[in-house]
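Structure assessment
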Amino acid sequence: MAPQLLRQRTRTNISYREPSSDEDFSNSDSDNVSRRKRPTRRSMRHHSTDVDPEPSTAQPVCTTRPAADKRTSRRTGKRKVSYRDVSTDEDSDHGEADYEPDEQVPVRKKPRIQGDSRRSTPHKQLGNGPRKPNKRTIRPLAPQPVAVHIPTDGHKPDMASLPYHILLQVFVYASHPLRDENMHATPAIPWLITMAQTCQAFTKPALTALYRNPPIFAIRQNRKKLVHSLIAPSAEARQDYKVMVKRLELDVTQMSALTDASNSVADLGALVSALTTLKEIDIFDPLDRPPYRERLKRTRRWTYPPELFQALRGTELRLKSWRWHNSFFAQGQGLAWAKDIHGDQAFRSLRDVTFVKFNVDEKRKADATDPPVEELLASAIAALPNLHSLAFESCTAVNGDLLSHLPSTLLSLSIVNCINLTSEALQTFLSEKGRHLEELVLNHDQSLDLLFLTTLKADCPRLEVLRMDLNYYSTLALSSDNEPLYDWLLDEGEIPTWPTTLRIIDLEHLRKWGADCATNFFTSLIDSAADLPFLREIRIQATVDMNWRDRAEFRQKWAARFEKVFAWRGPFPSPHLASLRAYREWKAKPSNEDAADRNDSLLDITAEDIQATAVASQGSSADSDGETDSDVPLVGKRKDDSWNAKRLRSRARTATNYDETSDNDDAEEMSPEGSGEDEEVDASDDEEPTVVQGRCHTVVCRIDNLRPREEMFDEADFLDEERSGDEEWDEDNDEVDEGYAW
């Protein structure tokens with residue numbers, strides 16, 4: 001009987017129930033088995049599922065199928081399996097009960113299409129080949145926002161009655177940005193078009209928000225039509241789009257596709273001539289951003305066309321912003337030619353200029369007649385009398401020689417990815433010409449440490465924004481030359497100083513220093529809190545090399561301290577001002593509920609702040625009855641007290657300790673009898689900050705030991721795709737995906 005059991009069964013609905021008795025087991029339907037033929041064996045686990053081309057004439061088999069056929073179907077691989085769990089002990093006594101198919105579910109078969117050759121192909125071998133890429137990445141679900149019920153009167157505000165300049169600001173704020181970093185259109189573009197078609201009052205402000213910086217390279221199908229509509233609008237146009245354009249962002253990799261390959265240069269000149277209110281032109285390369293690497297594939301090189309500058313000379317434009325790129329200079333063009341261009345009427349009013357990839361010629365001899373690049377750059381910059389903002393990107397010519405020739409009237413200086421910039425050269429420039437600086441951006445400068453911060457307060461008394469990103473990039477994708485070129489970020493005796501006008505401090509990827517230097521750096525910020533009344537945003541991301549236990553304690557200590565000193569602790573907005581109806585209902589409440597509600601809502605502050613201010617009021621009130629949890633004395637104090645040094649020190653002295661790493665929590669509690677010495681701070685208390693600034697809406701202090709990388713991965717990048725469900729095997733589906741045999 002063994003040869004017969006290997007034959008292929010017919011395509012009929014079969015039941016594999018266990019035999020009810022020994023007599024049923026002896027009845028083997030030899031008629032059906034005799035019609036089967038031996039299949040071709042393909043592998044140890046899978047067999048061919050080729051179907052006999054002859055039509056089957058077998059009759060349906062009785063539902064009392066013997067157990068012998070059950071073993072037959074298991075060996076031929078033609079049985080439909082169910083993986084139901086064993087629910088009772090009685091089912092677990094049967095050895096194969098959990099593999100018994102469900103008889104109530106009918107077998108679904110796919111209709112065979114004539115000429116389909118898939119059934120005649122053998123099984124694909126399962127091996128250790130590469131797995132197919134995931135079609136989608138499973139990311140953690142974001143928390144769903146909770147809907148807040150706001151009582152309203154049902155009246156819709158008449159937005160169309162608002163003035164034009166207010167509607168313009170609304171549309172600009174709601175639609176920013178129109179394109180992403182890859183110059184792809186965002187949903188804001190069709191939304192602005194829809195708003196322009198809503199009513200007549202929305203048309204002009206919505207189109208102005210769209211055409212301020214027209215998304216020429218963010219759209220493809222209608223790019224040519226958009227450019228021609230700006231050059232020569234049709235007579236049927238109801239709005240003058242040319243006067244709406246203030247800025248042009250032009251991608252050199254797509255410049256030939258501005259309109260068409262033959263007329264793009266002429267249309268660019270005509271476009272600039274037609275835009276009578278144009279103020280800024282930014283011609284850029286998409287690779288002028290991290291990781292700042294050259295293009296591996298050669299493309300058609302774009303150069304500054306003479307038609308562009310001829311068109312600018314023939315207009316009354318007064319440009320405010322321009323970008324010079326060394327790779328866009330044609331033969332015969334250079335920094336001397338750029339200096340002559342700065343003498344034109346359109347460029348003489350420039351306020352913001354960016355220089356990209358102006359490098360020092362290392363092969364240049366010392367006795368060469370041509371002036372060095374630093375001197376040519378300085379002379380081109382000196383030809384701009386109204387220059388206020390200057391930026392250098394990927395320029396090796398930025399060094400001490402160039403900085404010494406820069407004007408002293410700069411308000412903003414940005415130096416990005418300049419490898420030759422050192423802290424000594426920058427400190428010399430700031431001490432001589434940094435009196436008017438308001439913004440200083442120093443990102444990815446591989447040789448720049450923080451030594452210049454030691455004299456920053458005296459060198460830049462008007463500085464408002466300080467940004468530094470100390471993450472560096474390799475010159476090649478397979479190289480590893482992105483390490484800092486300085487020995488230490490700060491020495492132990494170098495203490496930074498901070499200008500009192502600072503509004504933003506953003507320092508990222510600080511590294512190559514010890515715990516003592518980091519402590520001095522953080523302490524300088526904490527101690528200067530009283531002298532930073534305008535600081536509203538502080539971000540510090542540092543890497544400190546120490547063991548993980550000490551680093552965890554170090555992070556917990558300083559993160560809590562920065563949060564305590566700089567975080568905003570004022571009251572939250574009152575929920576009763578959400579609508580006019582909510583305000584009326586709140587005013588209509590009884591007086592007793594009104595007072596309680598005022599204490600709960602209008603003075604809705606943190607519990608720590610309530611406790612700190614309550615203790616302060618207890619110590620300063622002569623007629624206090626000892627109940628420090630009452631909010632009544634705090635109302636007048638919050639309205640009348642000013643944010644001076646005395647107020648800050650008084651509040652810090654009475655505040656409880658937020659630092660979980662401190663072991664002297666009980667000893668740091670203040671006595672109410674010491675209210676007369678608010679400005680004095682216990683010198684032995686080195687854990688408690690002396691000043692609480694409490695005005696920053698953004699406080700980020702992140703300390704870890706992660707090595708900076710060009711691309712940081714998170715948990716979502718390592719999640720694999722799961723199947724939608726445990727689908728049952730279909731005998732008609734013979735295809736098996738390539739992959740691992742788990």
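Before any of the text, the structure's been laid out above.
So, here is what we can say about the structure in this document. The shown structure was predicted, so the numbers you read here are calculated from the model rather than taken from an experiment. (Residues numbered from 1 in each chain as written. Predicted model: local features only at pLDDT ≥ 70, side-chain atom pairs only at ≥ 80, totals over all residues. Heavy atoms only, no water.)

Before going further, it helps to examine the pairing of strand E2 (residues 280-284). Across the five residues of E2, four count as buried, placing the element largely inside the fold. The sheet contact formed by strand E1 (residues 247-251) and E2 spans five bridges and is parallel. In the strand pairing of E2, Asp251 is matched with Phe284. (Buried < 20%, exposed > 50% of the residue type's maximum accessible area, 1.4 Å probe, protein only. Helix = DSSP H or I, 4+ residues; strand = E, 2+ residues; numbered from the N terminus. Pairing = 2+ DSSP bridges.)

Time to look at the state of the cysteines. One pass over the full model with this rule turns up zero disulfides. The thiol sulfur of Cys395 is not disulfide-bonded, and the nearest other cysteine sulfur, from Cys418, lies at 5.1 Å. (Disulfide = S-S within 2.5 Å.)

Looking now at the nonpolar core. Formed by 126 residues in total, the largest nonpolar core has its most connected members in Ile283, Trp322, Trp324, Phe392 and Phe521. Leave out the neighbours within four places in its chain, and Ile283 touches Leu250, Val252, Met255, Trp302, Tyr304, Leu308, Trp322, Arg323 and Phe328. (Core = buried A, V, L, I, M, F, W, Y, C linked by side-chain atoms within 4.5 Å. Contact = heavy atoms within 4.5 Å.)

On the secondary structure map, His405 appears in the loop between helix H14 (400-403) and strand E6 (412-416). The class of His405 is exposed, set by a relative accessible area of 52%. For the pair formed by His405 and Ser379, sequence separation is 26 residues and the distance between their alpha carbons is 8.4 Å. Apart from residues no more than four positions distant in its own chain, His405 is found in contact with Ala378 and Lys433.

Turning to the layout of surface pockets, a few remarks are in order. The space that makes up the second largest pocket amounts to roughly 890 Å³. In terms of lining, the second largest pocket is formed by 31 residues, of which the most central are Asp282, Asp288, Arg289, Arg323 and Glu393. Broken down by secondary-structure element, the contributors of at least two residues to the lining of the second largest pocket are E1, E2, strand E3 (321-325), strand E4 (352-356), strand E5 (389-393), E6 and strand E7 (439-443). Residues belonging to the lining of the second largest pocket are distributed by class as follows: twelve nonpolar, six polar and 13 charged. (1 Å grid on protein atoms, 1.4 Å probe; cavity = no way out; pocket = protein on both sides within 12 Å on 5 of 7 lines; lining within 4 Å. Points joined across faces, edges and corners; volume = space filled by probe spheres on them. Nonpolar A, V, L, I, M, F, W, Y, C, P; charged D, E, K, R; others polar.)

Strand residues, when the strand is regular, have side chains that alternate between the two faces of the sheet. For E7, a buried count of four out of five residues is recorded, marking the element as mostly surrounded by other parts of the structure. Here five bridges tie E6 to E7, and the two strands are oriented parallel to one another. Residue pairing in the sheet places Leu413 in a bridge with Leu440 of E7. The β-α-β motif built from E6, the intervening helix H15 (residues 423-433) and the parallel element E7 has right-handed crossover chirality. Bridging between E7 and strand E8 (residues 465-469) involves five bridges; their strand directions are parallel. Among the inter-strand pairings, Glu439 is bridged to a residue of E8, identified as Val465. (Right-handed = clockwise from strand over helix to strand, strands pointing away.)

This part covers the environment of Arg435. Relative to the helices and strands, Arg435 resides in the loop between H15 and E7. On the basis of relative accessible area, Arg435 is assigned to the partly exposed category, the value being 44%. Sequence-wise, Arg435 and Arg462 are 27 residues apart; in three dimensions their C-alpha atoms are separated by 6.9 Å. Sequence-distant contacts of Arg435, defined by excluding residues within four places in its chain, comprise Ala458, Asp459, Pro461 and Arg462. Of note is the side chain of Arg435, whose polar atom sits 3.1 Å from the backbone oxygen of Ala458. (Polar contact = N/O pair within 3.5 Å; in protein donor to acceptor, adjacent residues only side chain to side chain.)

The next subject is the pattern of salt bridges. All told, the structure shown has 19 salt bridges when counted by the stated rule. Asp344 serves as the salt-bridge partner of Arg313, at 3.1 Å between the closest nitrogen and oxygen. Note that Arg313 is positioned in helix H11 (residues 306-313) and Asp344 in the loop between helix H12 (335-342) and E4, a separation of 31 residues in sequence. In this structure Arg313 comes out as partly exposed when scored by relative accessible area, which is 48%. The exposure class of Asp344 is buried, given its relative accessible area of 17%. A salt bridge links Glu316 to Arg318; its shortest N-O distance comes to 3.7 Å. (Salt bridge = Lys/Arg side-chain N within 4 Å of Asp/Glu carboxyl O.)

Once that is clear, we can look at the packing of aromatic side chains. Taken as a whole, this structure holds 35 aromatic pairs when the rule is applied. An aromatic cluster is present here, built from Trp302, Tyr304, Phe309, Trp322, Trp324, Phe328, Phe329, Trp337, Phe347, Phe355, Phe358 and Phe392 joined pairwise through their rings. Over the ring of Tyr164 we find Lys204; its NZ or CZ atom is 5.4 Å from the centre of that ring. Arg561 extends its terminal NZ or CZ atom over the ring of Trp558, reaching a point 4.9 Å from the ring centre. (Phe/Tyr/Trp six-rings, centres within 6.5 Å; stacked < 30°, edge-to-face > 60°. Lys NZ or Arg CZ within 6 Å of the ring centre and 35° of its normal.)

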